Each structure stands twice: as C-alpha cells, then as structure tokens.
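Listed here are the chains, written in short residue letters.
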Amino acid sequence: MPEAVVVAAVRSPIGRAGKGSLVGMRPDDMAAQTIRAALGQVPALDASTIDDLYLGCAQPWGEQGYNMARIVGTLLGLDTVPGCTVNRFCASSVQTTRMAFHAIRVGEGDAFISAGVECVSRYPDLSAAGMSMDSWNNPEFADAQARTAQMAKNNQTWTDPREQGLLPDAYIAMGQSAENVATSRGISRQRQDEWGVRSQNRAEEAIKSGFFASEIAPLTLPDGTVVSTDDGPRAGVSLEKVSGLAPVFRKDGTVTAGNCCPLNDGAAALIIMSDIKAKDLGLTPLARIVSTGVSALSPEVMGLGPVEASRQALRRAGMSIGDMDLYEINEAFAAQVLPSADDLGMDLDKLNIHGGAIALGHPFGATGARITTTLLNGLQASDGQLGLETMCVGGGQGMAIIYERLS
C-alpha cells in the first residue's frame, strides 16, 4: 500500500481582515499565487498530471464561491486538473489533506494539491444582501440561541442545553463557546492572558530568527506591491498590557482581543504524493502522513474538539502523546487551547513553540495547511521526527493529523 508524503509546503503572509495588507486581493488570486509557489518547490512534477486540486474554504460564497478550486486551477493553467472546494470550517484544509491521504492510500491517484484560502476582508455584506446569520439557522435552534443570548446578558455559566430539553446552538458565536469552555473548565483570565502573551512573544522571537521566512511565499498585490510578512504579530507584548483589555463577548467575561485570534486573510498549500511517485521523480519528501482523526461534540463547547480527534489519530498510529516531538493546536482562543492541552497531557514546551493564531492569525480555510507548514518547518528546525496538528472546528467538531518528518 502506498504511503502519502508531503513534498512541498508553503503559506502566504497573513493579513488583518478589513484593514491589513491583503484587503485588496481576491481569494482566488491569493490561492493561485500560493499554490504556484508550492509547485515551484517540485519542478520535476508535471503539474498537468496532478490528480485533483482540493481547496479548503470556510465561507465558499461571494468571491470565494462557484467552486473556487476549479477557478484557481484555470488561473494556474491547469485545465486538465479537476478541482473541489471543501468546507469543514476551521479545519477545511486539514480535510483536504485527509482526502489526498485517503486517495493515495487506496490507489486512486498519486499526486494532489491540498490547499486552503480565506479572505474575510472580501466577505459580502450580509445586511446589504438582506440577510442575517440568524436566518441561516434552523428554527429549531431558536430556543438555544435565545438562551445563549440571555446567558451572555446575565453573565451566566454554561450548562449543556440538552439538560433542559433544548437543542444546542449549531453555530453559536465562537467567542461565546470559548466563554462556555472557560467557565465550565475553570480557565482563569490570567492563564488565558499569559498564553496570549506567550503566543505573541514566541512569534516575535521566530520572526527575529528568520524562522518564518522559509515558509512564507510572498504575494504580489494588483498594484504590484509585494507582501512578505504577517500583519498580526506585535513586538513587546506584555502581560501588563494584555491584562487591561476589556472582555469582548460577555460582561465580566474572560475572552479578550489579547487572548483570542483576530479575523484574517491568507492562503496555504501542500503538494502531496505517493511515496512511489516521489521516488520516481527523485524527490526527498518533507514528511509522511501517519494518521488522522475527526470528532464531534456539543457546538456550545466546540473548543474542546482537539481532544477526541487527537486521541483518534494517536490510537490509529499506535502512538502516545509522549511520542510527539512537537504539536500545534490552532489558537482560536487561549480558553480552548489550554484545557485541550491539559486533557491530552501535552508538554507545553512542545506546543506552538513559534507562536500561534493569537499572534499570526486564523484565515479559516487556510489554517489547516498553514499549521502543517509551520509544524513541518519546526520539526526540521529542531531535528524532531513526529508532530501532531489539531484544532477545534466551528459547529462542534475537531480534527487532528500526525506527521513523520522524512528530511
């Protein structure tokens, strides 16, 4: 049975949505440029022979609609390469890698693009379109939505709505879900703030060392400007500064702009092959995909999604958390990273050692492939062998994937 290996991994710089360096760039152009950079790392591969192009996107509508994967393929001149846009919200481009992994393992192809993109800056204005997010939800969730709103108003702690015969709110605001996790798991404001400061400080150190330079593929904007650095990381962030920020989602809550991710624009891309194809082309793979996991839980505590998904991936690999040299949990919120790490028994000195989404940003559809790129870069820099990537997913899911470094 063939193994699935990663032969190229790149990401774009990450922009701040609405006010950052990438607001003037279309998502299809952003994805095309990033994929082109990934293909540039494997010149021996005839791109026209790629079996499929999988593109993750959490909100595939507006400029991100019309099966954007196919649009990106045609922008790249890959008319004979199929394209599929995939939505598993925050884990969309973990899912694209999982699809390539499965296809290769069963012999249904030997070369795939696994990529992701999100341009929150370019989201259509729902109010201008005469829509609201509430109108998208099933009316059966109305009681849960009203209950969540009342809880926020009264600053109440979370209990599972099913205990009162209610359905959970499938797409509760993720900040509210983070507050639910914080209160139910006793994650203090100080501990969240300390993690947010750590993320910023680690990212600052990584930038100074040149760590990210090797993984970022610069983007050329329509006006010719070249962007090569992330907007988000801030120098000199201190606990004193962060501890003074006001709660964002609940009166007297604990989630602030200093301990959660911002809204972002960005892209990332992997080239995944069978080990046989890579050998035929004379390539030295970066890593082998070992196993994956996907899980679900109450949407109102979606931040704990990494726990069961990671346990699945570890079980399928016949490994334990102690076997991992590095791990990455997407930092949607410090409130969910910390209890997930606690439950998994992670060594925090191995977790997000170059900073995470609190500093770098979380362009939803791109984040899975972005984290893969950073994880593989980190394994190489530290001479590690095994890495675990995992994240929570809006709507109440979790995903995980284990990599074994090969070069």
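Cut-offs used in this document
In every chain, residue numbers begin from 1 and rise along the written sequence. Given that the model is predicted, a residue must reach a pLDDT of at least 70 before its local features are reported, and side-chain atom pairs must reach 80 or more before they are shown or counted; all residues, however, enter totals for whole chains, interfaces and linings. To obtain the side-chain values, all non-hydrogen atoms of the structure were used and water was disregarded. The aromatic pairing rule takes the rings of Phe, Tyr and Trp, using the six-membered ring of Trp, and pairs them if the centres are within 6.5 Å, calling planes under 30 degrees apart stacked, those over 60 edge-to-face and the rest tilted. Runs of E in the DSSP output that reach at least two residues are strands. Runs of H or I that reach at least four are helices, and both are numbered from the N terminus. We call a residue buried when its accessible area falls under 20% of the maximum for its residue type, exposed when it is over 50%, and partly exposed in between, using a 1.4 Å probe and counting protein chains only. Any pair of N or O atoms that falls within 3.5 Å is considered a polar contact. Within protein, one atom must be able to donate a hydrogen and the other to accept it, and sequence-neighbouring residues count only if both atoms are side-chain atoms. Only heavy atoms enter the contact rule, under which two residues are in contact if any of them lie within 4.5 Å. As a per-residue measure, pLDDT reflects the predictor's confidence and takes values from 0 up to 100. The definition used for a disulfide is geometric: two cysteine sulfur atoms within 2.5 Å. Think of a 1 Å grid over just the protein atoms. A cavity is a set of points where a 1.4 Å probe fits yet cannot get out, a pocket is an open set with protein on both sides within 12 Å along at least five of seven lines, and lining residues have an atom within 4 Å of a point. Grid points are joined across faces, edges and corners, and a volume is the space filled by probe spheres set on the points. Following the grouping adopted for this structure description, the nonpolar residues are Ala, Val, Leu, Ile, Met, Phe, Trp, Tyr, Cys and Pro, the charged ones are Asp, Glu, Lys and Arg, and the polar ones are all others, Gly among them. Each residue after the first adds 1.5 Å to the expected span of a helix.

A.B. asks: Got a minute to help me understand the packing of aromatic side chains in this structure?
C.D. replies: Note on aromatic pairs: each is described by the distance of the centres and the angle between the planes. Inspection of every chain in the model, using the stated rule, returns five aromatic pairs. Consider the rings of Phe 89 and Phe 364, whose centres lie 5.6 Å apart with planes at 25°: the pair is stacked. A residue pair is termed long-range when its members are at least 10 positions apart, and Phe 89 in the loop between β4 (83-86) and α3 (92-105) and Phe 364 in helix α12 (residues 364-382) qualify at 275 residues. Grouping residues by exposure puts Phe 89 and Phe 364 together as buried. Both rings, one in Phe 211 and one in Phe 212, keep their centres 5.2 Å apart while their planes meet at 75°; by these two values the pair is edge-to-face. Summarising the burial analysis for this pair, Phe 211 and Phe 212 share the class buried.

A.B. asks: Sorry, what's going on with the side chain of Thr 96 here?
C.D. replies: Along the chain, the position of Thr 96 falls in helix α3. In this structure the side chain of Thr 96 is engaged in a polar contact, spanning 2.7 Å, whose partner is the side chain of Ser 114. Discounting residues that sit within four places of it in the chain, Thr 96 has contacts with Tyr 54, Leu 55, Gly 56, Val 86, Ser 114 and Ala 115.

A.B. asks: Would you explain the confidence of the model for the protein in this entry?
C.D. replies: Interpreting fine coordinate detail is not advised for predicted regions of low pLDDT. The predicted model of the protein averages 92 in pLDDT, with 90% of residues at 70 or higher. Across the protein, the element-wise mean pLDDT spans from 54 in helix α4 (residues 142-154) up to 99 in strand β3 (residues 52-56). Long-range and interchain partners of residues 126-141, a stretch whose pLDDT sits below 50, account for 16 contacts in this model, where long-range means more than four residues apart.

A.B. asks: Sorry, what's going on with the state of the cysteines here?
C.D. replies: Here is the idea: a disulfide is a covalent bond, and it sits between the sulfur atoms of two cysteines. If you walk through the whole model with that rule in mind, you get zero disulfides. Cys 84 forms no disulfide, and the closest cysteine sulfur to it belongs to Cys 57, at a distance of 12 Å.

A.B. asks: Just checking my understanding: could you explain empty space enclosed by the protein for this structure?
C.D. replies: A probe matching the size of a water molecule, rolled over the atoms, marks out where space remains unfilled. With the rule as written, the count across this model stands at one cavity of 30 Å³ or more. The space that makes up the largest cavity amounts to roughly 40 Å³. If you trace the largest cavity, you find it lined by Leu 326, Tyr 327, Glu 328, Ile 353, His 354, Thr 374, Leu 375 and Gly 378. Where the lining of the largest cavity is concerned, the elements lending two or more residues are β10 (326-329) and α12. When grouped by side-chain class, the residues that make up the lining of the largest cavity number four nonpolar, three polar and one charged.

A.B. asks: I keep staring at α3 and nothing clicks. Help me out?
C.D. replies: Note: α-helices contain 3.6 residues per turn, so residues at a spacing of three or four share the same orientation. With 14 residues, α3 should cover 20 Å at 1.5 Å per step; its first-to-last C-alpha distance of 20 Å lies within 8% of that length. The buried fraction of α3 amounts to eleven of the 14 residues, a majority that puts the element mostly inside the structure. Where α3 is concerned, the buried positions are Ser 92, Ser 93, Val 94, Gln 95, Thr 96, Thr 97, Arg 98, Ala 100, Phe 101, Ala 103 and Ile 104. Remark: Gly 107 follows α3 within two positions and exhibits a positive phi of approximately 80°.

A.B. asks: Any chance you could explain unusual backbone geometry here in plain terms?
C.D. replies: Across residues other than glycine, the phi torsion is negative in most instances, and most of the peptide bonds are trans. One non-glycine residue with positive phi stands out, namely Asp 252, at about 60°. Structurally, Asp 252 can be placed in the loop between α7 (239-242) and β8 (264-274). Non-glycine residue Asn 352 carries a positive phi angle of around 50°. One can find Asn 352 in the loop between α10 (334-344) and α11 (357-360). Note on Asn 352: relative accessible area 0%, which makes it buried.

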